[in-house]
Amino acid sequence: MSLSRYRNPVAVSRIRVQRTEAVLVEQYGSLVRLAYLVLPATIGRHRRLLMAHTLVQRSLAKVPGAAWRRPRVPAPREAAEGAADCLRGELRVVVLRAALDVAEGRSGWLRRRTALLGSPLPIVVGLRLLPLSGGPEDPTTGRHLARVTPAGRAAFVLRYLDGLPEDLVVGVLRAASAGNPAEALCRAARLWDDVGATVACDVAPARPGEWDACTVRAQPTDLLHRRLRTRLAGAALLAGLAAVTALVVVDTDTTRPEPVRRQTSVSASQQVHRTPPGAWADTSRVDFTAWPARGERRSDAELVQRAVAAWARPTGSPARVSTAPGTASDPLSGSPQLLYAGEVEGRTVVVLYDGRRLARYTEPSRQERGAAALSLARVDDADVTTAAAITVSRSGASARYLLAPWIAEAGSRDLLRPDEAARDLNVSADGVTERVPGVPAGSSCDRRPVLQLRSSPRIVEDHSFLLADLGGLSPAHLTHTPLPGSHTPAARQPREATGGAALTAWSRTACRLGDRGQSAIRAVNLWDFAEQRLPGGGGSAVWSCSRSVTWRGGSDVAVVLRTRNGGATVLAARESDSAACSRFGQHVVAQAHWRSPRGDWYILAAGSRAVRGLDVTGDVTARTRGRTLAEPAPRTAETLVTGRLASGDTLPAIPPPRAHPDQS
């Protein structure tokens, strides 16, 4: 029956509402997924999920009025289907516009309602709702999504998850007031190239059981502290009521002096972003963005503003400014995130983060003389390990560290003594460790202390890892890739360097950690790529490639030959800014001069698992079909080793150091 036969406009409107609701229910899952992935990950998965449902449910009231108009003639089935498609598009635009407003900070209603109620409607009390793992909830995929603009994430969902054609995606983005739809589509294409294989396994539109933001798992909140928080909230409410009553009774002066200084401080402090304390346990982006503001002076607006001002005007600030290698020195733009503000060993320390750099602002104590200091370091693309600690204070060779909120256990161990257990560290309530001894400059290699940390199971990353202080604001992450064999990962899959074999390997090369000569190293991986029987009664040796990566993407590669019996260690090769020993340079060949216990000199060479043969040319010539080679040669012999790969290609050895390496 045609709607035009109804004379009651209320009945017509009711039927159209029902049809719109039917379309909304049909598309509800995809709309919630669109809103969920467009919203910023920094607000946490639980709040983001509830906010996505709120935006979709509110879209029914925001569909343009044309959807409710009464038709003049009965519509055929094709027209009805076309109207349904049009309504789906309108709902998609409304939801996307609302999600973009929230992601870009333009949604006043939802922001005020969130501040008032603590969570947007619908409200869930006593439970945390989290989408199932997989697809966009994969940690790696989540980090890639978080780095893309909200419009780029929207284009990614519409084009590659919902399967819309490019012209329709551009039209939806333009209708939702997204800036530069063409650029957003290009960003989505690059994102799909990075994470498409991972996401496609779980969220392909045609697959049954696709990743769905409406399919969630429920887990309780912090049951142990819930009662305590309730009591504290009640006490705070009573105290607030008492304070308001006192003001009403006492303050009868209607003139009220103007609090100029306080007004300025509060306004300035609002320019600094503060992450909620529990956000780190409810987000797919576990890095510096999840750090809450800590420290006993985090509420000191004047102190925080001095730090922000020093960063915003580094050239005109009286503070001494130092910049780590590869770090941009441009002034602060936008609102930074406050990570810490407090007293450490008599000095005032403020740590800020702007999404790509850390800034440590330090003011001397009253007994000390001198200006404040500002240290900048690049930390973009940090993760659960490289964002786990910040050096907040140095005193001689020792240092104190501010640990991430997801660190459950902290200790210190000596890399040169792999059989000794890690020593527990005392950590304050604000996350600052006790003083950790370091290595004095110019001292002999008798110890190499590192941090051994364990992450909390609340982020599903319950594992231990090592961090080495190499002079930067953030310590370097140490990993290990074992020899190829049964039950060992491929060369592109490093492991945490906390196992027995990893600690033993690092104990033989730890003294070379200080040879990097930089303070911007992000991670160092030690890859054992070959084992060789040595001639002349030398026993066996392991070829290891140590690769250190800086925050700017540069690298330093060093190949070391270490004997099994604890004898000589040879620095065989060294190269900078190379793909060698990485996932993009998994084929390695190296050579070294070596003296046997009997005093004879040899040319030793080895290759990784893809090497099928080795050729030696120059003052000495030799050829072998295996992965290792040992050929008698004078120490001064000039040779060149080339590996033959299984593919038929050849690979030259990594260049040796300019001078003949030491054998010590």
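Look up: the structure comes first, before these words.
The paragraphs below set out a description of the structure included in this document. Here the residue numbers are simple positions, counted from 1 along each chain's written sequence. In keeping with the predicted nature of the model, local features appear solely for residues at pLDDT of at least 70, side-chain atom pairs appear and are counted solely at 80 or more, and the whole-chain, interface and lining totals rest on all residues. To obtain the side-chain values, all non-hydrogen atoms of the structure were included, while hydrogens and water were left out.

### Observations regarding the overall build of the protein
The helix count covers DSSP runs of H or I at least four residues long, the strand count covers runs of E at least two residues long, and both are numbered beginning at the N terminus. If you tally the helices and strands in the protein, you get 13 helices and 26 strands. When accessible area is computed with a 1.4 Å probe and restricted to protein chains, residues below 20% of their type maximum are described as buried, those above 50% as exposed, and intermediate ones as partly exposed. For the protein, with 664 residues in total, the buried portion stands at 48%. Any two residues whose heavy atoms approach within 4.5 Å are treated as being in contact. For the protein, contacts bridging at least 24 residues in sequence account for 64% of all contacts bridging at least 6. The accessible surface values rely on the Shrake-Rupley method and a 1.4 Å probe; as for residues, cover is taken only from the protein chains in view. For the protein, the computed accessible surface area is about 32,600 Å², with 52% contributed by carbon and sulfur atoms.

### Details of the nonpolar core
Residue types Ala, Val, Leu, Ile, Met, Phe, Trp, Tyr and Cys, when buried and joined through side-chain atoms within 4.5 Å, form a set referred to as a nonpolar core. Grouped together as the largest cluster of nonpolar side chains are 47 residues, with contacts concentrated most on L96, F156, L158 and L173. Secondary structure elements with two or more residues in this core: α2 (28-38), α3 (45-58), α4 (77-103), α7 (150-161), α8 (166-175) and α9 (181-203). If you tally residues by element for this core, the top one is α4, at nine residues. Setting aside its immediate chain neighbours within four residues, L173 contacts L96, A151, A154, A155, L158, A178, P181 and A184. If you look at the next biggest cluster of nonpolar residues, it comprises 42 residues, including V384, A389, L425 and L467.

### Digging into the sheet that holds strand β26 (residues 650-652)
The pairing of strands in a sheet happens through backbone hydrogen bonds and is either parallel or antiparallel. We call two strands paired when DSSP finds no fewer than two bridges between them. Read from one edge to the other, the open sheet built from four strands follows the order β23-β22-β25-β26, with strand pairing classed as antiparallel. Of all strands in the sheet, those with a lone pairing partner are β23 (622-624) and β26, marking the two edges. Averaged over all adjacent pairs, the angle separating strand axes in this sheet is 20°, with direction ignored. Bridge count between strand β25 (residues 639-645) and β26: three bridges; the pairing is antiparallel. Residue pairing for β26: G643 is matched across the bridge by L651. In this description, a line fitted to the C-alpha atoms serves as the axis of each element, helices being fitted only across the stretch in contact, and the angle between N-to-C directions of two axes falls anywhere from 0 to 180 degrees.

### Let's talk about the side chain of N525
Relative to the elements of secondary structure, N525 occurs in strand β16 (residues 521-533). Exposure remark for N525: the relative accessible area of 12% places this residue in the buried category. Pairs of N or O atoms within 3.5 Å make up the polar contacts considered here, provided that, within protein, one atom can donate a hydrogen while the other can accept it, and that residues adjacent in sequence are counted only when both atoms are side-chain atoms. At 2.9 Å, the side chain of N525 and the side chain of T479 are in polar contact. For N525, the side chain forms a polar contact with the main-chain nitrogen of H480, separated by 3.3 Å.

### Some points on the environment of H587
Here H587 shows up in the loop between β19 (569-576) and β20 (589-595). Looking at H587, the relative accessible area reads 42%, which means it is partly exposed. Along the chain, H587 and S608 lie 21 residues apart, while their C-alpha atoms are 5.7 Å from each other. With residues near it in sequence (within four places) discarded, H587 still touches S608, A610, L645 and L651.

### Things to note about the environment of L168
Note on placement: L168 falls in helix α8. Along the chain, L168 and G89 lie 79 residues apart, while their C-alpha atoms are 9.6 Å from each other.

### Digging into the packing of aromatic side chains
Only centres within 6.5 Å qualify two rings of Phe, Tyr or Trp (six-membered ring in Trp) as a pair; their planes then separate them into stacked at under 30 degrees, edge-to-face at over 60, and tilted for everything else. What the rule picks out here adds up to eight aromatic pairs. Residues Y160 and W192 carry aromatic rings whose centres are separated by 5.0 Å and whose planes lie at 5° to one another, so their mutual orientation is stacked. In this pair, Y160 sits in helix α7 while W192 sits in helix α9, placing the two residues 32 residues apart along the sequence. With a relative accessible area of 22%, Y160 lands in the partly exposed category. Taking relative accessible area as the criterion, W192 reaches 25% and is therefore assigned partly exposed. When the centroid spacing of 6.5 Å and the interplanar angle of 45° are considered together, the rings of F529 and W543 count as tilted.

### Concerning the pattern of salt bridges
Pairs can form between side chains of opposite charge once their charged atoms are near each other. What counts as a salt bridge is simple: a side-chain nitrogen of Lys or Arg found within 4 Å of a carboxyl oxygen of Asp or Glu. Counting across every chain of the model gives 23 salt bridges. In this structure, R400 engages E345 in a salt bridge whose closest nitrogen and oxygen atoms are separated by 2.8 Å. Separated by 55 residues along the polypeptide, R400 in strand β9 (residues 398-403) and E345 in the loop between β4 (337-344) and β5 (347-353) bring together distant segments of the chain. Looking at R400, the relative accessible area reads 22%, which means it is partly exposed. Given a relative accessible area of 29%, E345 falls into the partly exposed group. Of the charged contacts in the structure, one is a salt bridge between D380 and R378, with a shortest N-O distance of 2.9 Å. On the basis of relative accessible area, D380 is assigned to the partly exposed category, the value being 22%.

### Considering the pairing of strand β10 (residues 407-414)
By the criterion of burial, β10 is predominantly enclosed, with six of the eight residues buried. Where β10 lies against strand β12 (residues 449-455), seven bridges are found, and the strand directions are antiparallel. The partner of E409 across the bridge, within β12, is R454.

### Considerations on the packing of α2 against α3
Each packed pair of helices is defined by two parameters, the angle between the axes and the distance between the axes. α3 packs onto α2 with a crossing angle of 130° between their chain directions and a minimal axis gap of 8 Å. As far as their axial angle goes, α3 and α2 are oblique. The two elements α2 and α3 cross, and the hand of that crossing is right-handed. Two secondary-structure elements touch here, α2 through Y28, L31, V32, A35, Y36 and L37 and α3 through R45, R48, L49, A52, H53, L55, V56 and Q57. Charged means Asp, Glu, Lys or Arg here, nonpolar means Ala, Val, Leu, Ile, Met, Phe, Trp, Tyr, Cys or Pro, and polar covers whatever is left, Gly included. A class-by-class count of the residues in the contact of α2 with α3 yields 10 nonpolar, two polar and two charged. Under this scheme an angle from 65 to 115 degrees is roughly perpendicular, one under 35 degrees roughly parallel, and one over 145 degrees roughly antiparallel; angles in between are oblique. For any helix crossing, the convention is left-handed if the near helix is rotated counterclockwise from the far helix by under a right angle, and right-handed if that rotation is clockwise.

### What to know about helix α13 (residues 500-509)
The complete set of buried residues in α13 reads A502, L503, A505, W506, S507 and T509. The inward-facing, buried residues of α13 abut β10, β13 (464-468), β14 (476-481), β15 (495-496), β16 and β18 (555-563).

### Some words on α3
The first and last C-alpha atoms of α3 sit 20 Å apart over 14 residues, in line with the 20 Å expected at 1.5 Å per residue. Summarising burial for α3: 11 of the 14 residues are buried, a large majority. Helix span, expected: 1.5 Å multiplied by one less than the number of residues in the helix.

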